[in-house]
Amino acid sequence: MMLVRAFVSHYRRHPFQLAALALMIVLATMLWAGVSVLTDQARNSLFQSEEAVATRHQVVRTDGQPTGVDDFARLRKAGACVAPWLEVQRPPPEGRVIGIDPLAMGCFGDSVLGGNTGTLDGAPFLDVSEAARLSREGYESRLYLLAANESAELPPGYTLREFSLGPPTGELADSFLLNLDALSLLVLLITGLLVRSVHRLGVAQRRDSLALLYRYGVPHRRVMQLLALELFALSGVCVLPGLWLGVRLADVLGNGFGQALGSLFDVALYAGSGTALPWRAGGVMIALVLAACLVDWVVPRRWRAEATTARGRFIATSVLLAGLAGVLLAPSLAWVFAATALVFVGVGWLTPALLALCAQRLSDRAGLQGDSALDRWRHRELAVMFRHLALPVVALQFAMATVLAVQALVTTFEGTFDEWLAQRLEAEFYVEVPHGADATLAAEQLRILDGIGAWHRVIRGEARIHPATTAGREGMDNARVPVDLFALAPISDLVTGWTLLASVKDPWQRLESDGVMVNEQLARRHQLQLGDTLDIALAETTTKRNVVAIYADYGRPAGEILISGAALPEAFHARFESFSVNPGNLAITDIRNRLADTWDTPELTVRDNDSIRSLASDVFGQTFLLTRAISLLTLVLAAIALLIMGWVFFTTRVWFFRLLGIWGLPVSEVARQIRRLSVALTVAVTIAAMPLGIWLTWVLVSRINPLAFGWSLPMAIYPWFWVELVVVALAMGLIVARLMRRQLVHPANAREVAS
């Protein structure tokens, strides 16, 4: 009991230290809980939106007539597992809604809407009866009959066809979720560093009292046990409010972004107050606090002593170089993550020492150049601060680097995704060719139609290739490999403006003669380059074509080739055909009626590509916003942590600052020196974070994505955002200086040792 009172007495003498440690645990827990909730919500929101545009199988009539309620009843009586899917297109801002019957989907299992067949998932989904009511109000509607899978058994008169509400984006979703997971791991590292930094400062402040306990015969092991118990109790008390604050913060961010988005489906980004506390995040935080603060138990004291020596810096440099080489040469994703961790270890180990060394060199240079004694003092004091604030300095550096990388990544994703969608959906409308219809006859009708704009026929199927000129390369498979085929006829102005990753001169003209284009996935998988020859098997014929371009194809893993439709043999069987059309001087209804008469069918599937682009963009728009919220949350809380640490540490140095006043410096001048010192600290850390952030961006887009998905993103940096980070650093420095100005007016205390 006396030992417990002795431990508690420290916090009675230093209540601010207890408040700082408790506040840091609360903030760290709030950061981790908020990130966990936002990440889970981004994942769920993305899955739900992906579900809305996923490829499905619909039941169609072989006689070309549209399916209706009578067909649904007939199919269910025949034992087929089908369900209604009623699309109602309303004008903005309400947008499209989809009517479903959860009861009818009971036989689908987990194949539709994530398996949630008992209740509706919320907008855009609503009960089919409500959707039918909207369709009777005059809105354009279309009824599909969904099949559970592509192998469903159907009675005579019916067959299956694929349909979707947008282009495939699954791999883009997987890529972004992978980056979210990487961001979460970095946030966990930052929170651990923040908590440890405050705890180590507290241990330094109570070093004399602990030494007194040792002199009274208390075993070292017993003192360590009480420190661990104290930390566990404090964590248990502080984690609960941190979890609650994290959920509330995520609630505010999620709801705020959700109201601002106003998406096509009006999907809520966040469930709101109904979300339970993330207890798993609380358990992780308690374990992290104990591990981060008590890691000294497992690290020999000799190693800790050598960490700041020349030998320690040499080891840190070796770790850093090994990590950089590992990231560059890693053959798999796991090795990239391991090597990236080594880089962060090396950078975190070296940064405080390098910043302190730079400050020391500036002080020496100021002395040689005859600068004022205050300039030399300020540089030396800055060097001391870099050494004693090593952990919060590294935590802020990692946070700044993470925010910089996430901002660059999200902006790159948005720009790349929008450009890719614009290329794939360049036409205003696309018209699906009905099952069994003659697409060649329709193409002739469009060709002679006066006033029509640019158009082309899209043919999709399968081919088998053999990269003839690359067969001798190491690791190549000599057997023919199946690939998706994408053919266009004619090559219209809708595609000639595509941004290609690599191409020969006049690639589209070459495509019409003897060329073939390949997607990035296929090029990386088989090491294809411009000029290589592909041996392509189409139906029963074989043709050789030269690679004239490599194009980006995000959203799926499959290899794909793009050729001219004129090169397809008559025996080629298309899996899917459609027409991309710009109406020009005509109305789309005129074109639709012309094609309907040509194919002798009363109903055609005509989709507005602007609507598809809006829907596909919304899939990622929510995730982009949530990711920005996570990065902003990380930066803000890391900044608050540095403010706390800076204030605590500056308080331990206030005795030295007051000496400046004793030596005759006015209080206003002392405050100005502290302000310059504080701003120099935060700006220096921000500048040190920029190379790490740029490197982390490169790792994400040029190493992780190609290894995980077979395609990369363009590397882009945004210097104006760097300016914004520097402004944030200036603001943090000024706030710390403002807090310290108050300390200068208090009576002087005895000098405290924080080292």
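Colleague: How should I be thinking about the overall build of the protein chain in this particular structure?
Modeller: Within the protein chain one finds 21 helices and 16 strands. When each of the 755 residues of the protein chain is scored for burial, the buried share is 52%. Taking the contacts inside the protein chain whose residues are at least 6 apart along the sequence as the reference set, 83% of them involve residues at least 24 apart. Carbon and sulfur atoms provide 59% of the accessible area of the protein chain, an area that totals close to 33,800 Å².

Colleague: Help me out: how do you make sense of the environment of L362 in this one?
Modeller: If you trace the backbone, L362 turns up in helix 11 (residues 333-368). Residue classification places L362 among the partly exposed positions, given a relative accessible area of 42%. C-alpha separation for the pair L362 and R378, spaced 16 residues apart in sequence, amounts to 9.8 Å.

Colleague: Explain the pattern of salt bridges here, please?
Modeller: Within this structure, the stated rule accounts for twelve salt bridges. Of the charged contacts in the structure, one is a salt bridge between R74 and D71, with a shortest N-O distance of 3.2 Å. A residue pair is termed a helical-turn pair when its members lie 3 or 4 positions apart in one helix, as R74 and D71 do in helix 3 (residues 69-77) at three residues. Using a relative accessible area of 4% as the deciding quantity, one classes D71 as buried. Between R133 and E130 there is a salt bridge, and its shortest N-O distance comes to 2.4 Å. One end of the pair, R133, and the other, E130, are both in helix 4 (residues 128-136), three residues apart, so they sit about a helical turn from each other. You can call E130 partly exposed: its relative accessible area is 32%. One network of salt bridges, with partners in common, ties together R61, D71 and R74.

Colleague: What exactly am I supposed to notice about the side chain of E230 here?
Modeller: Here E230 is to be found in helix 7 (residues 220-261). With relative accessibility at 18%, the residue E230 sits in the buried group. Not counting residues up to four positions away in its chain, the partners in contact with E230 are F7, Y11 and R206.

Colleague: Would you mind going over the packing of helix 14 (residues 439-447) against helix 17 (residues 588-599) with me for this structure?
Modeller: For any two helices packed against each other, the geometry is given by the interaxial angle and the distance between the axes. One way to put it is that helix 14 packs onto helix 17 with a least axis distance of 10 Å and a crossing angle of 140 degrees. With respect to helix 17, the element helix 14 is oriented oblique. By crossing handedness, the relation of helix 14 to helix 17 is classed as right-handed. Residues A439, L441, A442, Q445 and L446 of helix 14 pack against I591, R594, L595, T598 and W599 of helix 17. Of the residues contributing to the contact of helix 14 with helix 17, the split by class is seven nonpolar, two polar and one charged.

Colleague: I tried to follow the side chain of R457 on my own but got confused; where do I start?
Modeller: In this fold, R457 is placed in strand 8 (residues 455-467). Note on R457: relative accessible area 15%, which makes it buried. Polar contacts involving the side chain of R457 include one to the side chain of E577, which spans 2.6 Å. Look past the residues within four positions of R457 in its chain and what remains in contact with it is A439, T440, A487, L488, A489, P490, E577, S578 and F579.

Rules used in this analysis
- Residues numbered from 1 in each chain as written.
- Predicted model: local features only at pLDDT ≥ 70, side-chain atom pairs only at ≥ 80, totals over all residues.
- Heavy atoms only, no water.
- Helix = DSSP H or I, 4+ residues; strand = E, 2+ residues; numbered from the N terminus.
- Buried < 20%, exposed > 50% of the residue type's maximum accessible area, 1.4 Å probe, protein only.
- Contact = heavy atoms within 4.5 Å.
- Areas by Shrake-Rupley, 256 points an atom, 1.4 Å probe, with all protein chains shown as cover.
- Salt bridge = Lys/Arg side-chain N within 4 Å of Asp/Glu carboxyl O.
- Axes fitted to C-alpha atoms, helices over the stretch in contact; angles between N-to-C directions.
- Parallel < 35°, antiparallel > 145°, perpendicular 65-115°, else oblique.
- Left-handed = near helix turned anticlockwise from the far one by under 90°.
- Nonpolar A, V, L, I, M, F, W, Y, C, P; charged D, E, K, R; others polar.
- Polar contact = N/O pair within 3.5 Å; in protein donor to acceptor, adjacent residues only side chain to side chain.

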